[in-house]
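Chains, contacts and geometry: an overview
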Amino acid sequence: MKKLYFLLMLFVLTGCPSPYWENRVNMVVTNNSDADIACFFPRVSDYPLEDYPYHVYPDTTITFARHFVQFPFKAKATTEYVFLCYHDVAKVYEYYKTDTLSFFIFDNSLIEGKGLCEWEKVAKNYDVMARYDFSLEDLRSLSVSNLSIAISYPPTPEMKDIKMWPPYEEIVKSAESSKP
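1. What about the pattern of salt bridges?
Between side chains of opposite charge, pairing is possible as soon as their charged atoms come close. For the coordinates displayed, the defined rule picks out three salt bridges. K74 is the salt-bridge partner of D36, the closest N and O atoms lying 3.5 Å from each other. Of this pair, D36 sits in the loop between β1 (25-31) and β2 (37-40) while K74 sits in the loop between β3 (70-73) and β4 (81-86), and the two are 38 residues apart along the sequence. The exposure class of D36 is partly exposed, given its relative accessible area of 26%. Overall, the relative accessible area of 38% leaves K74 in the partly exposed class. For R131, the salt bridge is made with D133, and the minimal N-O distance between the two is 2.9 Å. Each member of the pair R131 and D133 is classed as buried.

2. Let's talk about the sheet that holds β2
Taken together, the five strands give an open sheet; going across it, the order is β3-β2-β5-β6-β9, and neighbouring strands pair in antiparallel fashion. Lying at the two open borders of the sheet, with one neighbouring strand each, are β3 and β9 (164-165). Relative to strand β5 (residues 100-107), β2 runs antiparallel, the two sharing four bridges. Within β5, the position partnered with F40 by the bridge is F104.

3. Description of the packing of aromatic side chains
This structure, assessed with the given rule, holds 15 aromatic pairs. Taking 5.7 Å as the distance between ring centres and 55° as the angle between the ring planes, the aromatic pair formed by Y132 and F134 counts as tilted. We classify F134 as buried; its relative accessible area is 0%. Linked through ring pairs, F40, F64, F104, F106, W119, Y126 and W165 together constitute an aromatic cluster.

4. A short note on the side chain of T98
With respect to the helices and strands, T98 occurs in the loop between α2 (90-96) and β5. Assessed through its relative accessible area of 16%, T98 is described here as buried. For T98, the residues in contact, after removing those within four places along its chain, are V56, Y57 and Y93.

Conventions adopted
Residues numbered from 1 in each chain as written. Predicted model: local features only at pLDDT ≥ 70, side-chain atom pairs only at ≥ 80, totals over all residues. Heavy atoms only, no water. Salt bridge = Lys/Arg side-chain N within 4 Å of Asp/Glu carboxyl O. Helix = DSSP H or I, 4+ residues; strand = E, 2+ residues; numbered from the N terminus. Buried < 20%, exposed > 50% of the residue type's maximum accessible area, 1.4 Å probe, protein only. Pairing = 2+ DSSP bridges. Phe/Tyr/Trp six-rings, centres within 6.5 Å; stacked < 30°, edge-to-face > 60°. Contact = heavy atoms within 4.5 Å.

Set out below in structure tokens:
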């Protein structure tokens, strides 16, 4: 009887996917640079309160807290990193009532293991390696499947028409010049 119960439970647990993971869309970051990077992209769950002091595009100042930055994404890693997953990324755009959201890329050495004072310096000096200003259509154009969006640093030629700061050519040149 215990064996039958065990087999039934095994079947139920492995055969029934969790609704939480159904139709999830992952943002997959590939770091093709020689530096470890850290990234930030807003989610609804990060700032669930009305009037939280995080501003969205066209205000591209760094007003988000350091603990919302995800890091590290290792230099020239053999694997890609799943950055975020959403049921519907369009809901984030709807939540912030905007047509563009900024994806920030930082030099990980400036923030990992550092305190609030260093983070405030990064924000004040705008120490950003790159900022991609993604429209929902941009993200859809970077979809590699219904379940993932591919984002690269430095940007790939497929990303050159996406609005970014510094401009595409400068980011690519900067990443090339930082090679040993």
